[in-house]
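Secondary and tertiary structure notes
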Amino acid sequence: MESEKRLVIGADHAGFKLKQDLVEHLKKKGYDIQDVGTFDETSVDYPDYAEKVGRRVAEGAFPKGVLVCGSGAGVSIAANKIQGIRAATANDIESAKLIRAHNDANVLTIGSRLVDTEMALRILDTWLETEFEGGRHQRRVEKITKIEMKERS
């Protein structure tokens, strides 16, 4: 699907350089990328970028998003505050597979201080190429959505 070749990406100052490498890689693979920043290494607050990416995914403007910070955890926590976002950190190949196959993660987060560029590119490609398995996992994702709905009401 053509819409699947669209991604929104963001990072804080710690993830800036890695984000740039990911954007370049994705463009070479034919992805239409919206980069929401940051655009240099000046210190910024990661929740601002997590919200920008999360909202664009939650609103349906993009099917998936990618966030980078030092550990991947901060942006994941912040993005998950947005209804409909299933952000998960993958700093290895197996995690990248599982967060897609089992959790239907629609936002990938990566820790720039924990993985090098080569590994980050492999994680990203694995996450993008892995399909959600559905089945028993669908039931579990639906339960997550029900919890989320209770918290919002």
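**Some details on helix α5 (residues 117-129)**
Counted at 1.5 Å a residue, the expected span for α5 with its 13 residues is 18 Å, and the 18 Å between its end C-alpha atoms agrees. The inward-facing, buried residues of α5 contact β1 (6-11), α1 (16-28), β3 (64-69), α4 (93-101) and β5 (107-111).

**A few points about helix α2 (residues 46-58)**
Counted at 1.5 Å a residue, the expected span for α2 with its 13 residues is 18 Å, and the 18 Å between its end C-alpha atoms agrees. Every buried residue of α2 is listed here: Y49, A50, V53, G54 and V57. The buried residues of α2 all sit within an arc of 125° when viewed along its axis, so they share a single face. Elements in contact with the buried residues of α2: β1, β3, α3 (73-79) and β5. Of the residues one or two after α2, G60 is the one with positive phi, at around 90°.

**Quick word on the sheet that holds β3**
Sheet architecture is open: five strands sit in the order β2-β1-β3-β5-β4, paired in parallel fashion. Both outer strands of the open sheet, β2 (32-35) and β4 (87-89), are each paired with one neighbouring strand and no more. Averaged over all pairs of adjacent strands, the angle between strand axes in this sheet comes to 25°, irrespective of strand direction. Pairing of β1 with β2, which is carried by four bridges, proceeds in the parallel orientation. Each residue of the ladder has a partner; that of R6, found in β2, is D32.

Calculation rules
- Residues numbered from 1 in each chain as written.
- Predicted model: local features only at pLDDT ≥ 70, side-chain atom pairs only at ≥ 80, totals over all residues.
- Heavy atoms only, no water.
- Helix = DSSP H or I, 4+ residues; strand = E, 2+ residues; numbered from the N terminus.
- Expected span 1.5 Å × (residues − 1).
- Contact = heavy atoms within 4.5 Å.
- Buried < 20%, exposed > 50% of the residue type's maximum accessible area, 1.4 Å probe, protein only.
- Arc of directions from axis to C-beta.
- Pairing = 2+ DSSP bridges.
- Axes fitted to C-alpha atoms, helices over the stretch in contact; angles between N-to-C directions.

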